[in-house]
Amino acid sequence: MANSSIIIVGAGVFGAAAALELRKRGHEVVLLDPGPIPHVLASSTDISKVLRMDYGADEFYMELMEAAFRGWEAWNESWGTPLFHQTGMLLLAGGTMNPGGFEYDSLELLRKRGHQPEHLPADQLMERFPAWDTKEYPEGYINPRAGWAESGEVVARLISQGKTLGVDVRGGSAFASTLDDGSRVAGVRTTDGQQLKAEYVIVAAGSWTPSLLPLMEEFMWAVGQPVFHFLVEDVAAYQPPNFVIWGADMSNSGWYGFPALDDGTLKVANHGPGKRQSAGAPREVDADAEDKFRAFFRSALPGLAEAPMISNRLCMYCDTWDGDFWIDHDPDRPGLLIATGGSGHGFKFAPMLGPIIADVLEGKPNRFAHRFKWRARGELKTEYARYS
Ligand SMILES: Cc1cc2nc3c(=O)[nH]c(=O)nc-3n(C[C@H](O)[C@H](O)[C@H](O)COP(=O)(O)OP(=O)(O)OC[C@H]3O[C@@H](n4cnc5c(N)ncnc54)[C@H](O)[C@@H]3O)c2cc1C
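How each quantity is defined
Residues numbered from 1 in each chain as written. Predicted model: local features only at pLDDT ≥ 70, side-chain atom pairs only at ≥ 80, totals over all residues. Heavy atoms only, no water. Helix = DSSP H or I, 4+ residues; strand = E, 2+ residues; numbered from the N terminus. Rg over C-alpha atoms; globule rule 2.2 N^0.38 Å. Buried < 20%, exposed > 50% of the residue type's maximum accessible area, 1.4 Å probe, protein only. Contact = heavy atoms within 4.5 Å. Areas by Shrake-Rupley, 256 points an atom, 1.4 Å probe, with all protein chains shown as cover. Lys, Arg positive; Asp, Glu negative; His and termini not counted. Charge placed at Lys NZ, Arg CZ, Asp CG, Glu CD. Pairing = 2+ DSSP bridges. Axes fitted to C-alpha atoms, helices over the stretch in contact; angles between N-to-C directions. Near = heavy atom within 4 Å. Polar contact = N/O pair within 3.5 Å; in protein donor to acceptor, adjacent residues only side chain to side chain. Core = buried A, V, L, I, M, F, W, Y, C linked by side-chain atoms within 4.5 Å. Domains from an automatic or database assignment. Buried area = accessible area lost by both parts, 1.4 Å probe. Salt bridge = Lys/Arg side-chain N within 4 Å of Asp/Glu carboxyl O. Expected span 1.5 Å × (residues − 1). Phe/Tyr/Trp six-rings, centres within 6.5 Å; stacked < 30°, edge-to-face > 60°. Lys NZ or Arg CZ within 6 Å of the ring centre and 35° of its normal.

Looking at the overall build of the chain
Then, number 1: For the chain, the count of helices and strands is 9 helices and 21 strands.
Then, number 2: Its C-alpha atoms give the chain a radius of gyration of 21 Å, within 12% of the compact-globule value 21 Å for 388 residues.
Then, number 3: Oriented by its inertia axes, the alpha-carbon framework of the chain measures out at about 65 × 45 × 45 Å.
Then, number 4: For the chain, buried positions account for 59% of its 388 residues.
Then, number 5: Considering only contacts in the chain between residues 6 or more positions apart, those separated by 24 or more positions represent 72%.
Then, number 6: Accessible surface computed for the chain: about 15200 Å², of which carbon and sulfur atoms make up 52%.
Then, number 7: Averaging the locations of the 36 positively and 50 negatively charged side chains of the chain gives two centres separated by 5 Å.

Quick notes on the sheet that holds strand β12 (residues 195–197)
Strands in a sheet are paired, the pairing made by backbone hydrogen bonds, and the direction either parallel or antiparallel.
Then, number 1: Taken in spatial order, the 3 strands make up an open sheet running β10-β11-β12, and their pairing is antiparallel. One side of each edge strand has no neighbouring strand; the edge strands of this open sheet are β10 (175–181) and β12. Going from strand to strand, the sheet's axes swing by 35 degrees on average, the running direction of each strand aside.
Then, number 2: In this sheet, strand β11 (residues 184–190) lies alongside β10 in antiparallel orientation, the contact comprising 6 bridges. Counted as the bridge partner of Phe175 is Thr190 from β11.

Thoughts on the site of the ligand
Then, number 1: With respect to spatial proximity, 33 residues lie near the ligand, and among them Asp33, Ser44, Val50, Cys315 and Lys348 are the closest.
Then, number 2: Phe347 is positioned with one of its backbone polar atoms (N or O) 3.1 Å from an oxygen atom of the ligand.
Then, number 3: Protein coverage of the free-state accessible area of the ligand, which is 1000 Å², stands at 97%.
Then, number 4: Of all the secondary-structure elements, those providing two or more residues to the shell around the ligand are α1 (13–24), β2 (28–33), β3 (49–51) and β19 (309–320).
Then, number 5: The biggest single contributor to the shell around the ligand is β19, with 3 residues.

Some points on the nonpolar core
Then, number 1: Counting residues in each nonpolar core, the largest one holds 100 residues, and the members touching the most others are Ile8 and Trp72.
Then, number 2: Take this core: its biggest share by element is 11 residues, from helix α2 (residues 59–79).
Then, number 3: Of the domains in this structure, domain 1 (5–45 + 152–220 + 321–386) and domain 2 (85–147 + 224–314) are the two that each give at least three residues to this core.
Then, number 4: Other than its neighbours up to four places away in sequence, Ile8 contacts Gly15, Ala18, Ala19, Leu22, Val29, Val30, Leu31, Leu32, Ile202 and Ala204.
Then, number 5: Counting residues in hydrophobic clusters, the runner-up holds 33 residues, among them Leu92, Tyr238, Ala300 and Ala305.

A few points about the domain arrangement of the chain
Then, number 1: Assigned domains of the chain: these are domain 1 (5–45 + 152–220 + 321–386) and domain 2 (85–147 + 224–314).
Then, number 2: At the interface, 10 residues of domain 1 touch 8 residues of domain 2.
Then, number 3: Carbon and sulfur atoms make up 41% of the surface buried where domain 1 meets domain 2, a total of about 750 Å² over both sides.
Then, number 4: There are 0 salt bridges connecting domain 1 and domain 2.
Then, number 5: Where domain 1 touches domain 2, the interface holds 3 residue pairs in polar contact (both at pLDDT 80 or more).

Quick notes on α1
Then, number 1: If you check α1, its first and last C-alpha atoms are 16 Å apart, about what 12 residues at 1.5 Å a residue would give, namely 16 Å.
Then, number 2: One or two residues past the end of α1 sits Gly26, with phi positive at roughly 95 degrees.

Concerning the pattern of salt bridges
Then, number 1: Counted according to the given criterion, the structure contains 23 salt bridges.
Then, number 2: Residue Lys267 is joined to Asp46 by a salt bridge in which the shortest nitrogen-to-oxygen separation is 2.9 Å. Residue Lys267 is located in strand β17 (residues 265–270), and its partner Asp46 is located in the loop between β2 and β3; the two are separated by 221 residues in the primary sequence.
Then, number 3: Taking the shortest distance from any N to any O, the salt bridge between Asp58 and Arg371 comes out at 2.6 Å. In this pair, Asp58 is assigned in the loop between β3 and α2 and Arg371 in the segment after α9 (350–362), connecting sequence segments 313 residues apart.
Then, number 4: Each member of the salt-bridge network shares a partner with another, and the members are Glu21, Arg25, Asp359, Glu362 and Lys364.

Remarks on the packing of aromatic side chains
Then, number 1: Applying the stated rule across the entire model yields 32 aromatic pairs.
Then, number 2: Considering the side-chain rings of Tyr55 and Phe349, the 6.1 Å spacing of their centres and the 45 degrees angle between planes classify their relative orientation as tilted. Linking Tyr55 in the loop between β3 and α2 with Phe349 in the loop between β21 (336–340) and α9, this pair joins segments that are 294 residues apart in sequence. Summarising the burial analysis for this pair, Tyr55 and Phe349 share the class buried.
Then, number 3: Chaining the aromatic ring pairs together yields one cluster made of Trp132, Tyr137, Phe228, Phe230, Tyr238, Phe243, Trp246, Trp255, Phe293, Phe296 and Phe297.
Then, number 4: Across from the ring centre of Tyr55, 4.2 Å away, lies the NZ or CZ of Arg52, which sits over that ring.
Then, number 5: Its guanidinium or amino end placed over the ring of Tyr200, Arg184 lies 5.5 Å from that ring's centre, counting from NZ or CZ.

Here it is in structure tokens:
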């Protein structure tokens, strides 16, 4: 099926990665996005995203991330300027680490798969990472094979590489509906009235997907999560080796964050139940959100309790019912493929997303695709037992 015509809806990391990979495989690719790209409201557009393979007992995501890390290193090399920064990640447990706990299971699996995490009891935690008050975190571990990526820059880079190879990137062009030929999807209508034909349409519109394609509302929904940027004066105290990517009892509290940038910007976010709302609705963090961040700082990162807040925003997840991504053909509408459902943890797999989406489109075997296939909604798993 080489040389197919493909329209991709959405130029976030799913769409941008798919466009580049499919173009490399010889397909004609048109990429639509209301733009400008990277879109300021896209989930992928931010100063940073966490890259880690620590997924509790879920070996599938650890294996997928092992492959993604090799991809990030290859991208860094090809880009010249690194956009992936391997700082290591500190995972603090909210109690003694026991089997079944996220930190314990992650540590065990890392060791089983030959990685070099280092377990840290409380006294070593405070010695190595003095910004932390570890009274609520009796132990944890550091995984050196982790870091962060400049996510907005990454998307911009993938888009420009795609353009260089001939992807027809159309910023300012938005999907309105599919163009159907019987039961087959044969293209798209855009909001400005154009009708664009193609053999395949890939909808990769992130948290906008359920509102653009109501048939997906049964399987996924948009959820807003707060992100705050604070300003630190003593930058070195909040940069490696003193301060790295962190998760503080992440599976229960949702708290995670980043080292400071050289300009003193320090990002912290919370991965909680969030705010279920349509991606197109006004985006405001809750009035008490800042108080909650500062209360957390007072107990765990006292040096940040009074740090000036630079900005905040509500960033949207496209949550699937089970927290796994959604990459598959619509079983009832040939010609349509859905590639979305990042569920708050998709960005880190960017180097793998393009090949998985392209293999699924082409009907080629892919050892990771099974987890993202079209699936009936089952009983809800422990809804928030997932991590960014
Ligand atoms: C607060 C927050 C923190 C996160 N932290 C992490 C993290 O640390 N690590 C990690 O791995 N993941 C993280 N994620 C998840 C990650 O950001 C997402 O899984 C990923 O970026 C989703 O990419 P996407 O391409 O599906 O969606 P998006 O990046 O949202 O892109 C969707 C695109 O669709 C476009 N679009 C919308 N409507 C239309 C239309 N009508 N026609 C055409 N295009 C349209 C939009 O303009 C946008 O560019 C986080 C997410 C959030 C919200």
